[in-house]
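# A look at the structure
Below are the chains, spelled out letter by letter.
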Amino acid sequence: MTGAHGRYHGNGWVIDLSQGDLAEADRLTSIHETWHDRLQFTTMYGLLVQVLWSVSDASGEQSWLKQANTLLAGAVRTHEEFAAWMTEQLAGPALPSLRASYPDYAAHADRARQRLQLTDDPYTLIHALNAVYRSCMQPSAIAETIAADPAVPLERMTLASLSRMARPDHRLRVLTASLRTAGWDTVPRDTGLHTVRDYADQDDDAWEEVNRVFYDRCAQLLTEAGCPTLPYEGQLAHVERLHAHAIQTIDRPIRLVPASASSLGHHTDADVVLRSMESEQLRLRAVIPATVAGAETPISSLVSGRGAGRHLFLAIRPSPRVRSAYVLDGAPIPTRRHLALLRSSVADTHRRAVLLDVTGRAPADLLAVGLPVVTSISMAALSDDEVRERWGPLLTVDRSTVLVDLSPTRHLRLWLTGDGHRLRYALARYQATGRTVIALVWQLHLDAGTTSRLHIALVTPAYAAAFEVWLDSHVHLRERAERDDDLTDRYEVLLSVTIGHLLAEEPTFDFQAFDDREEPSDE
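Residues numbered from 1 in each chain as written. Predicted model: local features only at pLDDT ≥ 70, side-chain atom pairs only at ≥ 80, totals over all residues. Heavy atoms only, no water.

Scanning the protein from N- to C-terminus turns up 22 helices and 14 strands. Within the span of the protein, comprising 523 residues, buried residues form 56% of the whole. Taking contacts inside the protein between residues at least 6 apart in sequence as the whole, the part at least 24 apart equals 76%. When the accessible surface of the protein is totalled, it reaches about 21,400 Å², and 52% of it is carbon and sulfur. (Helix = DSSP H or I, 4+ residues; strand = E, 2+ residues; numbered from the N terminus. Buried < 20%, exposed > 50% of the residue type's maximum accessible area, 1.4 Å probe, protein only. Contact = heavy atoms within 4.5 Å. Areas by Shrake-Rupley, 256 points an atom, 1.4 Å probe, with all protein chains shown as cover.)

A word on the nonpolar core. Among the nonpolar cores identified, the biggest contains 68 residues, and Tyr-45, Val-132, Leu-154 and Trp-184 are the most heavily contacted of them. No other element matches the nine residues that helix 7 (residues 122–136) contributes to this core. Beyond its immediate stretch of four places on either side in the chain, Leu-154 contacts Val-51, Leu-52, Val-55, Trp-64, Gln-67, Leu-242, His-245, Ala-246 and Thr-249. Within the second largest apolar cluster, 50 residues are counted, among which are Leu-356, Val-358, Phe-467 and Ala-481. (Core = buried A, V, L, I, M, F, W, Y, C linked by side-chain atoms within 4.5 Å.)

Turning to the packing of helix 2 (residues 44–59) against helix 3 (residues 62–73), a few remarks are in order. In contact at an axis separation of 7 Å, helix 2 and helix 3 are set at 160° when each is read in the N-to-C sense. It follows that helix 2 is roughly antiparallel to helix 3 by the angle criterion. For helix 2 against helix 3, the interelement crossing comes out left-handed. Across the interface between the two elements, Tyr-45, Leu-48, Val-49, Leu-52, Trp-53, Val-55, Ser-56 and Ser-59 of helix 2 pack against Gln-62, Trp-64, Leu-65, Gln-67, Ala-68, Asn-69, Leu-71 and Leu-72 of helix 3. When the residues that make up the contact of helix 2 with helix 3 are grouped by side-chain class, the tally is 11 nonpolar, five polar and no charged. (Axes fitted to C-alpha atoms, helices over the stretch in contact; angles between N-to-C directions. Parallel < 35°, antiparallel > 145°, perpendicular 65-115°, else oblique. Left-handed = near helix turned anticlockwise from the far one by under 90°. Nonpolar A, V, L, I, M, F, W, Y, C, P; charged D, E, K, R; others polar.)

Here we come to unusual backbone geometry. The phi dihedral of Gln-117 is positive, around 55°, even though this residue is not glycine. Position of Gln-117 relative to the elements: it lies in the loop between helix 6 (103–115) and helix 7.

On their own, these measurements won't tell you what the molecule is for.
Encoded structure:
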């Protein structure tokens, strides 16, 4: 897809607005990639690929990435047909535009539909299709290898080590042939439910019962055809062992959170969807040319704005984020875990940014200029005790905000566990250089009677809609959360200054600053 490019991969996907706003069909990219995530995280084959990607990401060794991508090559058709067809079911009036804009994906969707050997209503078809593609991604061979030898070297779990009967794309051909000859047998064909909305809204227990019946039929046909298949949730019994083995292999943590196929229990279907969408990266432009001013540069030379709006803008970010965002020239950037940079934009043809490193300076040096200091600190940086202590005088509620670069759902769930905490949030549209983004802005009201700093997440419209669905799916969260769009009015100056700098001086936004096991402060 042009608006969000690249095949499915372990670090998520990119929503690219660098050439302007997305067309109507392109906006479905988030949904398409979310279905890839859904198939990946609820199956044994997908989780093996995910583990290898995570090992590569944590270790920096490209051999693991190559091994994962080779395995994924054995499941490309399975992945693309599933994601393409499921996306079409949610396209609504954009479906004709989607099919016209992406004929290759339309062909994938058509092949998926033909495999089902059904002419039923959308409700039945979605259950059937989910079963077909999940079962093809659930070969028993991977689990049997792990169970037989928990110490099996991870590097031996390759595509070449798996027989054809364990490779999803081959299994898909086998299952298609079996469905043509044997059919669906006794699967439920008249549930009284018919629409996509029925599929989404059905009671969890009843939904899982129907979903299991379709899955069990596919698993039976595959096994009878010589392709042994795990039970409906069979992957969950083995993934922790695989996870632990991966950590032992590289002697460091990896990021892996498996999901169940159903929405029963603590996590709902909305959790799975939104967690998947938290893998996307919003790209507003290419990397930004930036000049790093020398240490002798007066702080006052970094003043932004005009007249009564003159101010200093301080951005505190993890060092890798700074290095990946800019094409740097001028003075060297120090090697620190987090960097505190005064930032300003130069309105030349290249929209160059000017940076002044003040990581080792005191807040008083900035305040001495006599202008407001507006501070934007990332969640990842805020989790660092030393950073919070050093910059505390500038991290006030009225002059600072938190850029959300870690999982919103994970941390909001933690923060709202206590009865006394409440959440107020707003969704506001902002535009810069012809690009429209949604700012999800929230503020925690703590049980001590205080309020947190404003948190800002720049997201796609699809993520913003999914966020509200996620809140609605958890009664205890919805009871503690209130949408309050007046929040942006009450902090209008702070938000306009901060978001203006973010849109002008940062090219990308996502929620993957570092491993999500590290917790930010809720101060």
